[in-house]
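In case you want the letters, here they are:
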Amino acid sequence: MDYHTIHGVNWCPYCLRLVKMKQKRIRCAVIGVGHLGKFHAEKYAQLPEAQLVAVVDQDLARAEELAEKYNCQALTDHTQLIGLVDAVSIVTPTQTHYDVAKFFLAHGIHSLIEKPITTTVSEADELIQIAKKNHCLIQVGHLERFNSAIIALHSILKTPRFIESHRIAPFTPRGADVNVVLDLMIHDIDLIRFLVDSPVRSIAANGAPILTNEIDIANARIEFENGCVANVTASRAGMKQERSMRIFQSDAYISIDLQEKTCSIYRKGKGEMFPGIPEINKETSTFPQSDAILAEISAFIHAIQTKTPSPVSGEAGKEALEIAARITEIVKGNIL
Ligand code: NAD
């Protein structure tokens, strides 16, 4: 029997009763199974609503190793996937995102594109238009949105007035095809843009190349139209790992460790620490080491199945990229 689907719900054409049908499994593939892509493959293989059809990597041995592990096909050429998949994760180096994503979106295949969406804003715009024309979804891999400390923040956050973020990492050649603003700072740019939810009024920035010919360390002061100011620092020339954010709002100071998934909230208490000066009370919450990549991929599959917008749309990826591109330009202009 053929069922009618109205608003994503199946109806029997004869009795017009709601029919509970099992959702069709989404046929998926991962393009680029290096450091991050192998985790995408693992999550698709473990989700019952997805079927991992293939892994693609220009390094055949790497593709074969994962294909054997997850009992799927190994390919070196992503163009062979047409007709075999409904959705893909694009986890190749950033410089290749545009070409690979353009190919899939033009064939109507939903695409989870790793961050940054592309290297230029015009490329991101083009991908968004192609996706719209072909009725498919773009989700951008801004993984911190799925960090349990950030999810918990929603119930505490009011109107942030000042935000400070630090993202420091030791150098790795992975990701060095773009500068540190596009590679690392863009995570915090996306989060801050999402939390502040106001257009950018002005940006001041500085930075320097240290280990490569590109910007390896950068600091930006972003002023938003609602008055919030963010001071954002990223380095890929560090000797330690740090991913932290401090948020100041009228009733609280919130300190988040994105790596350890802890959140400390400092509020004014009823007592006094000095005459006329309120005491400060501290609450600390630690969140379970939840699986952010699994949550991200589940959300992507859910959006496809329910025909609802993806939680981190192509537009969101483009807006973060626009800010990152402006910061890059300002930093380059300030390098002597
Ligand atoms: P990586 O170098 O470890 O892996 C990239 C893989 O892609 C390699 O195996 C390479 O052989 C393969 N590849 C390259 N071009 C290809 C092509 N045209 N077709 C098929 N395979 C191809 O890099 P990585 O660290 O996994 O990063 C990949 C992407 O993920 C980058 O865009 C990076 O910015 C992003 N990333 C995001 C996060 C996050 O937290 N969201 C973390 C790390 C990396």
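Residues numbered from 1 in each chain as written. Predicted model: local features only at pLDDT ≥ 70, side-chain atom pairs only at ≥ 80, totals over all residues. Heavy atoms only, no water.

1. Structural notes on the sheet that holds strand β15 (residues 262-274)
Part 1 of the argument: Sheet architecture is open: eight strands sit in the order β10-β11-β12-β9-β13-β14-β15-β16, paired in mixed fashion. Strands with a single pairing partner mark the edges of an open sheet, and in this sheet they are β10 (200-208) and β16 (277-286). Going across the sheet, the axis of each strand differs from the next one's by a mean of 15°, ignoring polarity.
Part 2 of the argument: Relative to strand β12 (residues 229-235), strand β9 (residues 162-168) runs parallel, the two being bridged by seven bridges. Across the sheet, residue Ile168 finds its bridge partner in β12, namely Ser235.
Part 3 of the argument: The strands that helix α6 (residues 180-196) touches are β9, β11 (217-224), β12 and β13 (242-249); relative to β12, the one it contacts most, it runs at about 155°.
Part 4 of the argument: In this fold helix α8 (residues 314-334) packs onto β10 and β11, with an angle of close to 50° to the strand it touches most, β10. (Pairing = 2+ DSSP bridges. Helix = DSSP H or I, 4+ residues; strand = E, 2+ residues; numbered from the N terminus. Axes fitted to C-alpha atoms, helices over the stretch in contact; angles between N-to-C directions. Contact = heavy atoms within 4.5 Å.)

2. Some thoughts on the site of the ligand
Part 1 of the argument: For the ligand, the set of nearby residues contains 18 residues, the closest of which are His35, Asp57, Arg62, His97 and Arg174.
Part 2 of the argument: At a separation of 3.2 Å, a nitrogen atom of the ligand approaches a polar backbone atom of Gln58.
Part 3 of the argument: Separating an oxygen atom of the ligand from a backbone N or O atom of Lys115 is a distance of 2.9 Å.
Part 4 of the argument: Protein contact buries 84% of the 850 Å² of open area that the ligand shows by itself.
Part 5 of the argument: A class-by-class count of the residues in the shell around the ligand yields four nonpolar, nine polar and five charged. (Near = heavy atom within 4 Å. Polar contact = N/O pair within 3.5 Å; in protein donor to acceptor, adjacent residues only side chain to side chain. Areas by Shrake-Rupley, 256 points an atom, 1.4 Å probe, with all protein chains shown as cover. Nonpolar A, V, L, I, M, F, W, Y, C, P; charged D, E, K, R; others polar.)

3. Some thoughts on the domain arrangement of the chain
A common measure of how large an interface is: the accessible area buried when the components associate.
Part 1 of the argument: Annotation of the chain at the domain level lists domain 1 (4-144 + 292-313) and domain 2 (148-288 + 322-334).
Part 2 of the argument: Relative to domain 2, the C-alpha centre of domain 1 lies at a distance of 29 Å.
Part 3 of the argument: Summed over both partners, the interface of domain 1 with domain 2 comes to about 1200 Å²; 59% of that surface belongs to carbon and sulfur atoms.
Part 4 of the argument: Area buried by domain 1 at its contact with domain 2 is led by Lys115, His142 and Glu144, which between them contribute 50% of it.
Part 5 of the argument: Between the two partners, domain 1 and domain 2, sit three salt bridges.
Part 6 of the argument: For the salt bridge of Glu144 with Arg167, the shortest nitrogen-to-oxygen distance reads 2.8 Å.
Part 7 of the argument: At the junction of domain 1 and domain 2, the tally comes to five residue pairs in polar contact (both at pLDDT 80 or more). (Domains from an automatic or database assignment. Buried area = accessible area lost by both parts, 1.4 Å probe. Salt bridge = Lys/Arg side-chain N within 4 Å of Asp/Glu carboxyl O.)

4. Here we look at helix α2 (residues 60-70)
Part 1 of the argument: If you check which residues of α2 are buried, you get Ala63, Leu66, Ala67 and Tyr70. Buried residues in α2, looked at end-on, bunch into an arc of 105°, giving them a common side. Seen from the open side of α2, the exposed residues pointing more than 90 degrees away from its buried face are Ala61, Glu65, Glu68 and Lys69.
Part 2 of the argument: Contacts made by the buried residues of α2 are with α1 (37-46), β4 (50-56) and β5 (73-75).
Part 3 of the argument: Where α2 begins, the side chain of Asp59 points an oxygen toward the backbone nitrogen of Ala61, at a separation of 3.2 Å. (Buried < 20%, exposed > 50% of the residue type's maximum accessible area, 1.4 Å probe, protein only. Arc of directions from axis to C-beta.)

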